[in-house]
Structures are given as C-alpha cells and as structure tokens.
Amino acid sequence: MIKRILLSGSNGQIGSELIEELRKIYGRSNVIGADLREPTPEILENGPYVKLDITNAHELANVIKEYKIDAIINMAAILSAVGEQNPHRAWNVNINGLINILEVSRELGVKRILNPSSIAVFGPTTPKENTPQETVLKPTSMYGITKVTGELLGEYYVRKYNLDVRGLRYPGIISYKTLPGGGTTDYAVAIFFDAIKYKHYKCFLKKDTMLPMMYMPDCLKATIDLFHADFSKLKHFTDFNIAAMSFTPEMLYNEIKKYLPEFTIEYEPDYRQQIADSWPRSIDDSLAREEWGWAPSYDMETMVEDMIKNVKIKVEKCEY
Ligand SMILES: NC(=O)c1ccc[n+]([C@@H]2O[C@H](COP(=O)([O-])OP(=O)(O)OC[C@H]3O[C@@H](n4cnc5c(N)ncnc54)[C@H](O)[C@@H]3O)[C@@H](O)[C@H]2O)c1
C-alpha cells in the first residue's frame, strides 16, 4: 500500500494539476511537491512542498528519509524545445536526475516509481502512422535520446533489482491552468490564448504538421491509472504508448474559428518544425488498452469546446 508520494517537477504543466488529483486520493499531507523554485505562501497553503534539485542525490535522499516517501512520480524534466537550446542540461536533468531517483529508491526501499516518457522517443525512421509501441527508436533530438534512455534505465531496474518502475509516452499535452514548459507541441495551447486575446496567432509549425495530442484530464487519468495498475499483470513497464487525438495546426485553427469567427492565423515555422517532422502522426495504444484498461475521454472537438470556455475565464480574470 502506497502512503506517501513525492511528486518532483510539481510546479510544471502536468505536475501542478497532478498534485491536486493525487492529494484528493492520498490526502493533502501525503503528497509532497518538489521543484526548483523556493516555496511561495500559495504553494505551501496547498500542502507540503520542498525545494529540490533531482540532480542532487544527497538532497533527494534526505527528502525521501524525512518524509518517509514510498513512491515517486517524476515530472521534473527539460522538454524538447528547451532541450535543443541546452542539450547538456537536458541530459543532466532527464538522465542524471532519473538515475538518482532510481538509485536512491533502490537503496531506501521506495516501492514504486513512475517516470513519464514521450512520443519524442520516435525518430524519422519510425513508421509515422499508427506508430506501434515496439518499433524503431532512433530519435534525433536530445530530449528524445534522454527519453529512450530513461525507458531503458527504468526497465533495467525492473529486471536487475526487481524495482517497480512504470512509464508512459505522453503525446503533446493541452491544458489551461499552467502554461507548457517549452515543448514542440506548445502551439496547441498558445493558440487558444492568442485567439481569445488578440484574434490572431503566429504558429511556429507548418499548417499541415499532424501530431498526436491529449487533453489534460486524459493525461491525469492515464498517469493515475498506470500508477495504480497491478504491476504483476504488466508485460511492459516503462514505455506504454497512449493516444487520444491527432490534428494539424490548420485543423485546430478551423475548429477554434467555429467559436471565434474573426480569428486569423499565419505560419512562420522555426527550429521546432524539424523536431515535429521527426515525430509520428498517430499512435497505436493497444497495449495500454489491453494491459491496464486505458481509454481516452476527449477528442479534438470536445477538447476545443472546454479549452475555449476555460481560457476565456482566465483571460477575463487577467491571469495571463
Ligand atoms: N507537456 C507535454 O506536452 C509533455 C509531452 C510528453 C512528455 N512530457 C513529459 O511529462 C513530464 C512533465 O512535463 P511538463 O510538461 O509538466 O514539464 P514542465 O516543463 O511544465 O515542468 C517540469 C518541471 O520540472 C522542474 N524541474 C526542471 N529541472 C528540475 C530539477 N533538476 N529538479 C527538480 N525539478 C526540476 C521545472 O522547474 C518544472 O516545474 C516530463 O517528463 C516531460 O518530458 C510532457
């Protein structure tokens, strides 16, 4: 039975929402947030939080001992676009940080680790349509290289040390509460804010760039469902494909335009186009469906309807 969870990267796009869901299940005081930032009064008001750099194994061990942590969900990472600007930092956080988590867990008896992966594990030589879970993994971005390595490291600890390590490959995650942290799919969030605020968006990808995406409620459900899955029944561990929807910037633009008829868009592709071109257009998630019952709830239409409603509220309150 898991009682105390450490959520590293808890201030990020996914961590900041996942922490609230986990606290509903495990109790406010049993989910400890951790991130690089000093705690603010608002963060501390919501529950326990520590300032922690996962690349510092000593600090990490102290937190695990002090809070009697028995599971770690690691959302701390450097994402694809930021990672291409600083590849060494991406390696340091995504790999050295992860190996600290795995080693400290092994030494201190942490019972379960969930470390997310990404569709960035795929590369230009991977089949692009309905990409299977088991396929060519030769990414060209440093972020992708760290994500493949992370999956393999996790599996190594499962087989070598019998540690319970799980992971899933998120597609681009769309949400409105916390802005994305520098990924290639960030356009699919920024477009809503600019559509509502300025009635115009300049997109950094070409209009026909099809990518797999997912709305945040499905991302949270997938993460928590895999975290709770019966480990003894899993045949795969750290590399589950999950899918919900795929669309191009133009398809998303046309759907948003139904709500905001004056909305206009222009396309000015930058260095992120090359990253996007190396990723799949759609994903086969049949193993996640079979092994732990994964099924998404949102498609592009229902996601856009909900995003428009919530981003309008945020913009009206001047929260962005
Ligand atoms: N958001 C997406 O679209 C997406 C897609 C695929 C995979 N993922 C994966 O999901 C996970 C969470 O992503 P996210 O979108 O929330 O990222 P994010 O960039 O929004 O948040 C990451 C958080 O980690 C923190 N962090 C960075 N370095 C750290 C360190 N050394 N020690 C402690 N904290 C550190 C950052 O301060 C930030 O708050 C990552 O593993 C990411 O690769 C995300």
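Residues numbered from 1 in each chain as written. Predicted model: local features only at pLDDT ≥ 70, side-chain atom pairs only at ≥ 80, totals over all residues. Heavy atoms only, no water.

S.K.: Outline the side chain of Ser118, supporting the account with residue identities and numerical values.
M.R.: By the element assignment, Ser118 lies in strand β6 (residues 117-118). At 2.8 Å, the side chain of Ser118 forms a polar contact with the backbone nitrogen of Ala120. (Helix = DSSP H or I, 4+ residues; strand = E, 2+ residues; numbered from the N terminus. Polar contact = N/O pair within 3.5 Å; in protein donor to acceptor, adjacent residues only side chain to side chain.)

S.K.: Would you mind going over the nonpolar core in detail, with residue names and values included?
M.R.: By size, the foremost hydrophobic cluster in this structure holds 62 residues, and its most contacted members are Leu6, Leu22, Ile73, Leu168, Ile242 and Trp292. The contacts of Trp292, once residues within four sequence positions are left out, are Leu168, Ala222, Asp225, Leu226, Ala229, Leu234, Phe240, Ile242 and Leu287. The next biggest cluster of nonpolar side chains, apart from the first, holds 43 residues, and it includes Val121, Val148, Ala195 and Val311. (Core = buried A, V, L, I, M, F, W, Y, C linked by side-chain atoms within 4.5 Å. Buried < 20%, exposed > 50% of the residue type's maximum accessible area, 1.4 Å probe, protein only. Contact = heavy atoms within 4.5 Å.)

S.K.: Run through the packing of helix α9 (residues 249-257) against helix α12 (residues 300-316), naming residues and quoting values.
M.R.: Two quantities define a packed helix pair, namely the angle between the axes and the distance from one axis to the other. Closest axis-to-axis distance for the α9/α12 pair is 10 Å, and the angle between their directions is 55°. Judged by the inter-axis angle, α9 sits oblique to α12. The crossing of α9 and α12 is right-handed. Where α9 abuts α12, its residues Met251, Leu252, Glu255 and Ile256 lie against Met300, Glu301, Met303, Val304 and Ile308. Of the residues that constitute the contact of α9 with α12, the class distribution is seven nonpolar, no polar and two charged. (Axes fitted to C-alpha atoms, helices over the stretch in contact; angles between N-to-C directions. Parallel < 35°, antiparallel > 145°, perpendicular 65-115°, else oblique. Left-handed = near helix turned anticlockwise from the far one by under 90°. Nonpolar A, V, L, I, M, F, W, Y, C, P; charged D, E, K, R; others polar.)

S.K.: Describe the layout of surface pockets, listing the residues and the values that go with them.
M.R.: There is about 960 Å³ of room inside the largest pocket. For the largest pocket, the lining is made up of 45 residues, of which Met75, Ala77, Ile78, Leu79 and Gly181 are closest to its centre. When residues of the lining of the largest pocket are assigned to their parent elements, the largest contribution, three residues, is made by helix α5 (residues 87-108). Among the residues making up the lining of the largest pocket, the classes are represented as 22 nonpolar, 17 polar and six charged. Put simply, the second largest pocket is a space of about 270 Å³. Taken together, 14 residues form the lining of the second largest pocket, with Ser10, Asn11, Ser16, Ile43 and Asn46 sitting closest to its centre. At the level of elements, α1 (15-26) and α2 (41-46) are the ones that each hand at least two residues to the lining of the second largest pocket. Broken down by element, the residue count for the lining of the second largest pocket peaks at four residues, all from α1. Its residues placed into classes, the lining of the second largest pocket shows four nonpolar, six polar and four charged. (1 Å grid on protein atoms, 1.4 Å probe; cavity = no way out; pocket = protein on both sides within 12 Å on 5 of 7 lines; lining within 4 Å. Points joined across faces, edges and corners; volume = space filled by probe spheres on them.)

S.K.: So, helix α6 (residues 142-161): which residues are in play, and what are the values?
M.R.: Over its 20 residues, α6 extends 27 Å from the first C-alpha to the last, a length consistent with the 28 Å expected when each residue adds 1.5 Å. Listed in full, the buried residues belonging to α6 are Tyr143, Gly144, Thr146, Lys147, Val148, Gly150, Glu151, Leu153, Gly154, Glu155, Tyr157 and Val158. Buried residues along α6 sit in contact with α4 (80-85), α5, β6, β7 (164-166) and β8 (168-170). Two residues or fewer after α6 comes Asn162, characterised by a positive phi angle close to 60°. (Expected span 1.5 Å × (residues − 1).)

S.K.: Got a sec to walk through the environment of Val93? Specific residues and values, please.
M.R.: As for its position among the elements, Val93 is in helix α5. Val93 sits in the buried class, given a relative accessible area of 15%. Put simply, Val93 and Lys317 are 224 residues apart on the chain and 35 Å apart in space, counted from C-alpha to C-alpha. Ignoring anything within four residues of it in the chain, the contact list for Val93 reads Ile54, Thr55, Ala76, Ala77, Ile78 and Leu98.

S.K.: Summarise empty space enclosed by the protein; cite the residues concerned and give the values.
M.R.: Tallying each qualifying case throughout the model produces one cavity of 30 Å³ or more. Approximately 130 Å³ is the volume found for the largest cavity. Together, 18 residues line the largest cavity, and Leu98, Asn115, Pro116, Lys147 and Gly150 are the ones closest to its centre. Breaking the lining of the largest cavity down by element, the ones donating at least two residues are α5, α6 and β7. Examining the composition of the lining of the largest cavity, we find that five residues originate from one element, α6, more than from any other. Grouping the amino acids of the lining of the largest cavity by side-chain chemistry returns six nonpolar, nine polar and three charged.

S.K.: Explain the pairing of strand β1 (residues 5-8) to me, using residue names and the numbers behind them.
M.R.: Here β1 shows no split at all, with Ile5 and Leu7 on one side and Leu6 and Ser8 on the other all buried. The sheet contact formed by β1 and strand β2 (residues 31-35) spans four bridges and is parallel. Residue pairing in the sheet places Leu7 in a bridge with Gly33 of β2. In this fold, the crossover linking β1 to β2 by way of α1 has right-handed handedness. Note: β1 against strand β4 (residues 71-74), four bridges, orientation parallel. Looking across to β4, one finds that Ile5 is bridged to Ala71. (Pairing = 2+ DSSP bridges. Right-handed = clockwise from strand over helix to strand, strands pointing away.)

S.K.: Hey, could you go over the sheet that holds strand β11 (residues 211-215) for me, with residue numbers and the actual values?
M.R.: The sheet built from three strands is open, its strands ordered β9-β11-β13 with mixed pairing. For this open sheet the edge positions go to β9 (172-174) and β13 (245-247), each flanked by a neighbour on one side alone. Taken pair by pair, the neighbouring strands of this sheet meet at an average axis angle of 45°, ignoring direction. Sheet analysis places β11 next to β13, joined by three bridges and oriented antiparallel. Residue Met213 lies in a different strand from β13, and its bridge partner there is Met245.

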